[in-house]
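# Chains, contacts and geometry: an overview
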Amino acid sequence: MSTDESQPTDSATASASARPADTPRSLAEALRSRADDALAGLLHARPDLLNPVPTDLTQLATRAGTRASVVRALERLDRFAQQVAQTLAVAPEPTTYDEVLALLAGDDGDPAVAKALPRALGTLHEQALVWGPDDRLRLVRTARELLAPGPQHPSPTGLGPTVAEATAGMSPTRIQDIVAAAGLPTTHDPVSAVESLTVLFTDRARMSALLDEAPAESVEVLSRLVWGPPYGQVTADPARHLRWLLDRGLLLPTAPGTVVLPREAALHLRAGRAHRAPEPTPPPVVAAREHRPQVVDATAAGQAYTALATVEELLKEWDEGGPAVLRAGGLSVRDLKRTAVALDLPEPLAAFWVELAYAAGLVASDGEADERYAATPAYDEWQELPAPERWAALATAWLSATRTAGLIGGRDGKDRTLSALGPHLDRSAAPEVRRRVLALLAGLPEGAEPDADSLLARLRWERPSPAAQDLRSRIAGWTLNEAELLGVTGRGALSTHGRALLGVDDTEAPGGDAPARAAAASRHLAPLLPQPLDHVLLQADLTAVAPGPLERPLAEALAVLADVESKGGATVYRFTPGSVRRALDAGQSASDLHAFLAAHSRTPVPQPLAYLIDDVARRHGHLRIGAASAYVRCDDEALLNEILADKRSQGLRLRRLAPTVLAAQADPGALLEGLRSMGFAPAAESAEGDVLITRAHAHRTPPRSAPEPVPEGPPVPDDTLIAAAVRAIRAGDLASTAPRKEVHETPSGSLPRTTSAETLATMQAAVMTGEAVWIGYVNAEGAASQRVIAPVRVEGGFVTAYDHTADEVRTFPLHRITGVAELADDE
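On a predicted model such as this, the values are computed, not experimentally measured, just so you know.

If you trace the 4 strands from one edge of the open sheet to the other, you get 12-13-15-14, paired in antiparallel fashion. Sheet topology places strand 12 (537-539) and strand 14 (563-566) at the edges, where each strand pairs with a single neighbour. Adjacent strand axes in the sheet meet at a mean angle of 30 degrees when their direction is disregarded. Pairing geometry for strand 12 and strand 13 (residues 543-546), over 3 bridges, is antiparallel. Bridge assignment links Leu 538 to a residue of strand 13, and that residue is Ala 544.

This is the structure:
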């Protein structure tokens, strides 16, 4: 059903004589009286009204009253603003500020309600959900239909219909019987009878006297209905205490077997309150524990360093090509488990880091026929950044991402499993909830850890829509955990660099844009991160201890030469024959390895490690593998005899071609692995006989951009767009409402019609006088419109004029102008 708030209602027309002359008759007139900044505030609060830009204020008012737009606006109100709107829906229309206050505060009054009501009403006015002055407040019609009591949709207040609404359709005789049973004089018509009954129910003293006569069982029935739902069931032959209520209209029938407590009676029993518990003030977020700010920052910095290390380890694991992409998109459960094992983390945490790397644009699918996930070129650029800047990039991506890792493993609306990196993980509310949670943490004293229950209660007050509460509460819980993992918080409290990331309490970039906040956060974090080391401690048990983070070249070289045995505050590397052979395969010589260890060790190179390197190097390359399919050649015939005699070589199907050459039917790679598993150290060689140097192949996707967040509804327009829209709406409104002289040949509401000669003469006269005129215009697409223009020049079949509708100078072909009329003189 179309709801047009731009036209006055019947009740408004009937009471026109009692309304002051300057009182708006419709929402369109109320908007017309607003200043430009107030209109800009409306468009900013309700951006759906801008798509497309309304042609005038009447169209803006009509669009602001549509059901979808009103529902969206109501859902985004805080709890008290919603309670005020619900109160307006059960108040008479129009109502007054004092009546709304009385319904919210009750007979006894409530200072907190009185203090908060102006703000809540101001919000409703700003969003065009309420219009009119304080002595004639009106809720937009669609909002009243949504919030007013009805059998199919009970009011959130728990109130039922009024006496007049409940008795509509009741026989006049029955109404007179109710009036007489209530102790009122009978009347000559049902309308006055209903009015007298309404007056009785709204009179506190007389209503109290009536209820004092009620049986105790009747009062008990009323107490069960008073706070809602107000409907009850009765039999065809009700009990005596129910009959007492029915006879006096305290229960009114609405359908066979169904009765309702009238609104006026319920308000008396509630002591005048529309809501059982008004919530005018937001519940405070309280601190569960307090820590020293220095401890919070140090803990958060440690978590930030761990976050960087985890993402690097994940991308290193996928460096040569990660898991395959499912046909429906995302990671399989098995691949997520493998990734979790590789990272030594539970699967939910591994899923979070995978999603974070994806949100930051560091990982994506490669787009090949056999599609796999891999690092992007942006990952190589990210690795070259200093550690604080790398962390800021991750934190910024997390803060604005709509992908929600906490949903992974759950089910979607079609009972399909939600997989990591898969579709259907976007939740448009996630960025707003994350920022709001961190903003509430920022409102606590430095070092204060919030009580989670009080924080969730605050979020529920700010956005009480039942449909969104569960998801928002879950996202808030995930936000607290993810912020701790990422190092935005430490021990539950917001860190200094976390505050800078939000742009609060920071003198360097207070409220700045995202890059400025990220730069400020990295500057705060930099002194807290450990400096990379250029040395390790070699030990006699063939291990090396890195007492802290290593410089990138050293870490990369050591990762080739040794295997990571344990991680933590210090990383332990173990040297094995296989790891040393890996370094030799990468092109290093024994002397290179000795020099590398001597240069980067604070302790002397242990003799067992030196022997290990020399022993592996002495055997490395003694055997040579080439493509025959494959062959083995060696100058030591005894060694080849040993290989042929070993039963483990039977699968390679070797045969001697010459005293120093064996041929195999296996490919060179399988032959290399087979002989290495037997304890030999062969080296691959090229067709020219040179040793092949093997290096890890880094697989990269084509350039990929990070996934764009999915906005919640239409994007919030910037100030420039809003200012332009306000100008266009004002100009269009001027064209549609400008007073015009009567054109007798033109029917009311249609475009002006004049002959070509009359059009030309009127235009030329307007050029000389400088006056604006009203024209009808049909563009090249055949769309007709009306405009107010100020002609500047008429020549060559064209008129150049300032178009008030478009707020610019334009040229109009005269043959497309249907007619012209002069504007009426100002009174």
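Okay, back to it.
Our next topic: the sheet that holds strand 21 (residues 773-778). If you walk across this open sheet you meet the 5 strands as 24-23-22-21-25, and the pairing is antiparallel. Among the strands making up the open sheet, the edge pair consists of strand 24 (808-813) and strand 25 (817-822). Neighbouring strand axes in the sheet, compared pairwise and without regard to direction, differ in orientation by 45 degrees on average. When strand 23 (residues 798-803) meets strand 24, the two strands line up antiparallel, connected through 6 bridges.

Right, let's talk about the packing of aromatic side chains for a bit. On inspection of all chains with the given rule, the structure shows 4 aromatic pairs. On the numbers, 5.1 Å between centres and 80 degrees between planes, the contact of Tyr 777 with Phe 812 is edge-to-face. Here the residue Tyr 777 occupies a position in strand 21, and Phe 812 occupies one in strand 24, the gap between them amounting to 35 residues. Judged on exposure class, the residue Tyr 777 and its partner Phe 812 are both buried. Sitting over the face of the ring of Trp 382, Arg 390 holds its NZ or CZ atom 5.5 Å from the ring centroid.

Counted under the stated rule, the structure contains 31 salt bridges. Across the pair Arg 619 and Asp 615 runs a salt bridge whose closest N-O atoms are separated by 3.8 Å. In this pair, Arg 619 and Asp 615 are both assigned in helix 30 (residues 607-619), 4 residues apart and thus about one turn of the helix distant. A relative accessible area of 34% places Arg 619 in the partly exposed class.

So, about the environment of Val 488. When you line up the elements, Val 488 lands in the loop between helix 24 (466-486) and strand 10 (489-490). A relative accessible area of 0% means that Val 488 is categorised as buried. Taking the C-alpha atoms as reference points, Val 488 and Pro 47, separated by 441 residues in sequence, lie 31 Å from one another. With residues up to four places along the chain from it excluded, the contact list for Val 488 reads Trp 391, Trp 398, Leu 438, Ala 483, Leu 494, Ser 495, Gly 498 and Leu 501.

As for its position among the elements, Arg 458 is in helix 23 (residues 452-462). Contacts of Arg 458, omitting those with residues within four sequence positions, involve Pro 282, Pro 283, Pro 284, Val 285, Arg 436 and Leu 440.

This next bit is on the confidence of the model for the chain. In this model, the chain carries an average pLDDT of 85, and 91% of its residues clear a pLDDT of 70 or more. Confidence drops under a pLDDT of 50 for residues 6-18, and excluding neighbours within four residues, the segment shows 16 contacts in the predicted structure. pLDDT under 50 marks residues 743-749. Its contacts with residues more than four places away, or in other chains, come to 4 contacts.

Across 4 bridges, strand 17 (residues 630-633) lies against strand 19 (residues 661-664) in antiparallel orientation. Bridging from a neighbouring strand, Ala 630 pairs with Ala 664 of strand 19. With 4 bridges connecting them, strand 18 (residues 654-658) and strand 19 associate as antiparallel partners. Counted as the bridge partner of Arg 655 is Ala 663 from strand 19.

Let us look at the packing of helix 28 (residues 577-585) against helix 30. For the pair helix 28 and helix 30, interaxial distance at closest approach is 10 Å and the crossing angle is 60 degrees. Compared by their axis directions, helix 28 and helix 30 come out oblique. In terms of crossing hand, the pair formed by helix 28 and helix 30 is right-handed. Along the contact surface, helix 28 presents Pro 577, Val 580, Arg 581 and Leu 584, while helix 30 presents Leu 612, Ile 613, Val 616 and Ala 617.

Here we come to helix 12 (residues 190-202). Residues spaced three or four apart along an α-helix face the same direction, because each turn holds 3.6 residues. For helix 12, which comprises 13 residues, the first-to-last C-alpha distance of 18 Å matches the rise-based estimate of 18 Å (1.5 Å per residue) to within 8%. Buried residues of helix 12: Ala 193, Val 194, Ser 196, Leu 197, Leu 200 and Phe 201, and no others. In an axial view of helix 12, the angular spread of the buried residues amounts to 160 degrees, which keeps them on one side of the axis. Turned more than 90 degrees away from the buried face of helix 12 sit Val 191 and Glu 195, all of them exposed. Looking at the buried positions of helix 12, the neighbouring elements they touch are helix 10 (163-166), helix 11 (172-181), helix 13 (204-212) and helix 16 (263-269). Capping the start of helix 12 is the job of one residue whose side-chain oxygen sits 3.2 Å from the backbone nitrogen of Val 191: Asp 189.

In this chain, Asn 51 is followed by Pro 52 through a cis amide linkage whose omega measures -5 degrees. Structurally, Pro 52 can be placed in the loop between helix 3 (36-45) and helix 4 (57-64). The residue after Glu 93, namely Pro 94, is reached through a cis peptide bond having omega -5 degrees. One can find Pro 94 in the loop between helix 6 (79-90) and helix 7 (97-105). Even without being a glycine, Arg 491 presents a positive backbone phi close to 55 degrees.

On the surface, Asp 98, Glu 99, Asp 134 and Asp 135 cluster together into a negatively charged patch. Along the chain, Asp 135 falls in the loop between strand 1 (130-131) and strand 2 (138-139).

Note on placement: Leu 146 falls in helix 9 (residues 141-147). A relative accessible area of 21% places Leu 146 in the partly exposed class. Remark: the alpha-carbon pair of Leu 146 and Ala 357, spanning 211 residues in sequence, is separated by 44 Å. Excluding anything up to four places from it in sequence, Leu 146 contacts Arg 67, Val 70, Val 71, Leu 74 and His 153.

Thresholds, definitions, all that
Residues numbered from 1 in each chain as written. Predicted model: local features only at pLDDT ≥ 70, side-chain atom pairs only at ≥ 80, totals over all residues. Heavy atoms only, no water. Pairing = 2+ DSSP bridges. Helix = DSSP H or I, 4+ residues; strand = E, 2+ residues; numbered from the N terminus. Axes fitted to C-alpha atoms, helices over the stretch in contact; angles between N-to-C directions. Phe/Tyr/Trp six-rings, centres within 6.5 Å; stacked < 30°, edge-to-face > 60°. Buried < 20%, exposed > 50% of the residue type's maximum accessible area, 1.4 Å probe, protein only. Lys NZ or Arg CZ within 6 Å of the ring centre and 35° of its normal. Salt bridge = Lys/Arg side-chain N within 4 Å of Asp/Glu carboxyl O. Contact = heavy atoms within 4.5 Å. pLDDT = per-residue confidence, 0-100. Parallel < 35°, antiparallel > 145°, perpendicular 65-115°, else oblique. Left-handed = near helix turned anticlockwise from the far one by under 90°. Expected span 1.5 Å × (residues − 1). Arc of directions from axis to C-beta. Polar contact = N/O pair within 3.5 Å; in protein donor to acceptor, adjacent residues only side chain to side chain. Patch = residues over 30% accessible without salt bridge, like charges linked within 9 Å, V, L, I, M, F, W, Y side chains within 5 Å. Areas by Shrake-Rupley, 256 points an atom, 1.4 Å probe, with all protein chains shown as cover. Lys, Arg positive; Asp, Glu negative; His and termini not counted. Charge placed at Lys NZ, Arg CZ, Asp CG, Glu CD.

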